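Listed here are the chains, written in short residue letters.
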Amino acid sequence: MDLNTKRTWAEIRPDHIVHNMRAIRAALPEGTRFLGVVKADAYGHGAVAVSRALEAAGADYLAVSCLDEALELRTAGVGLPILILGHTPVEYLPTLLACGLTQTVSNLAKAQEYEAATARLGGRLRIHIKLDTGMGRLGFLCAGDGFAQGVENVAAACSCPHLVPEGIYTHFAMSDMPGQEARDYTLAQFRLFTAMLEALEEQGVRFRLRHCANSGAVLHYPETALDMVRPGLLLYGYGDAEDRLGLRPAMRLVTRVATIKTYPAGVRISYGGLYTTERRTRMGVVPIGYADGLFRCLSGRCAFAVAGGQAPQRGRICMDMCMIDLTELPDAAVDSPVEVFGETASLDALAEAAGTIPYELLCSVSKRVPRVYL
Ligand SMILES: *Cc1c(COP(=O)(O)O)cnc(C)c1O
């Protein structure tokens, strides 16, 4: 692909994603299976390309949020088992069966609905049971007084003759947070999960795939790996401890200086005149704005990597462009590449400046930005 024709693009390194999977695996007990979370277009990296790379490199499972995301992968020829993490309306059951997808079941009523529809259609639906051990989102209730009822409901769901309960999982709410309170909360979630597994086993209900470890847990609680881990962010090479596992960021968001203007002191820059030049200033205009996923709230609060150093961003970020100060960077010229995040400019720092998490910035790199696979 000819990068010279691109205004702004995202360079994606599937080889880094494969490297990250291997690095994560190497840190876990031998034989731990690997599920790659590729929801939300693989956190903006392109679900098809990422899934193909993971499949070729020996991943065991993929997870997406909804049926449409799963179908995109099947249509592209991805054959790995795919877990749908969210709900699928029962009228789409024929598609689930025809495409060999694995459906999350998060309460007894849904299990019964899927059971009745599968019995009518013929066939069997592969499911993973989801437990709510403290996330307060999807899942069978099982905390506190709800324990015995939770066991009973899961056992009832698993006894449905047209459902194949292959797996069971839960999701941690605080595994990526520092501090004792988060640690206690996470370990309490894990204890509840394993207590449920034991109580179910006593009733003869066993699962081939028990999984709970998201990125935070893979890093901070490797003892929760069980049969399979389920990381997303780490797979793409981000997160607070990317250094520890030697992970490599898989995306580089790049643009190019479109034009450079030299202003005297006292000139106001962009909408609202938020920034006024303080001296003679070489100001670059770069074709990236909030329609590309560069949040407007970052206006005046970030810097991009340009040949020779960091260029502070000045004035309001517009829909399609923004301005960067090149006064201290005499080597920067029209057409010079500008890295918004990636190798030199850190995504984590940009997320912090925006008051958010790296996940949100990755998912926000918009459709207008072509993904270029290296
Ligand atoms: C998104 C998601 C993950 C991956 O989370 P990371 O923090 O990116 O590792 C794992 N499990 C479930 C249920 C999820 O929704």
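Residues numbered from 1 in each chain as written. Predicted model: local features only at pLDDT ≥ 70, side-chain atom pairs only at ≥ 80, totals over all residues. Heavy atoms only, no water.

Student: Even after reading the chapter, I still don't get the site of the ligand, so can you show me in this structure?
Tutor: Contacts to the ligand come from 13 residues, most closely from K39, Y43, S215, L233 and Y359. The side chain of K39 places a nitrogen or oxygen atom 2.7 Å from an oxygen atom of the ligand. Contact with the protein chains covers 92% of the free accessible surface of the ligand, which is 390 Å². Split into classes, the residues belonging to the shell around the ligand amount to six nonpolar, four polar and three charged. (Near = heavy atom within 4 Å. Polar contact = N/O pair within 3.5 Å; in protein donor to acceptor, adjacent residues only side chain to side chain. Areas by Shrake-Rupley, 256 points an atom, 1.4 Å probe, with all protein chains shown as cover. Nonpolar A, V, L, I, M, F, W, Y, C, P; charged D, E, K, R; others polar.)

Student: Just checking my understanding: could you explain the side chain of S299 for this structure?
Tutor: Structurally, the position occupied by S299 is in the loop between strand 15 (281-286) and strand 16 (303-306). Once you skip the residues sitting within four places of it in the chain, S299 turns out to touch Q313, G315, R316 and I317. (Helix = DSSP H or I, 4+ residues; strand = E, 2+ residues; numbered from the N terminus. Contact = heavy atoms within 4.5 Å.)

Student: Explain helix 7 (residues 147-158) here, please?
Tutor: Owing to its 3.6 residues per turn, the α-helix aligns residues three or four sequence positions apart on the same side. The terminal C-alpha atoms of helix 7 lie 17 Å apart, and with 12 residues this matches the ideal 16 Å at 1.5 Å per residue to within 8%. Within the span of helix 7, buried status applies to G150, V151, V154, A155, A157 and C158. Axial view of helix 7: buried residues confined to an arc of 160 degrees, hence all on one face. Of the exposed residues in helix 7, those oriented more than 90 degrees away from the buried face are A148 and E152. (Expected span 1.5 Å × (residues − 1). Buried < 20%, exposed > 50% of the residue type's maximum accessible area, 1.4 Å probe, protein only. Arc of directions from axis to C-beta.)

Student: Help me out: how do you make sense of helix 4 (residues 67-75) in this one?
Tutor: Within the span of helix 4, buried status applies to L67, E69, A70, L73 and R74. For helix 4, the buried positions fall inside an angular range of 160 degrees around the axis, keeping them on one side. The exposed set on the far side of helix 4, more than 90 degrees from its buried face, consists of D68 and T75. The secondary structure elements touched by the buried residues of helix 4 are helix 2 (39-43), helix 3 (47-56), strand 3 (61-64), strand 4 (82-84) and helix 5 (93-98). Looking at the residues trailing helix 4, positive phi occurs at G77, about 90 degrees.

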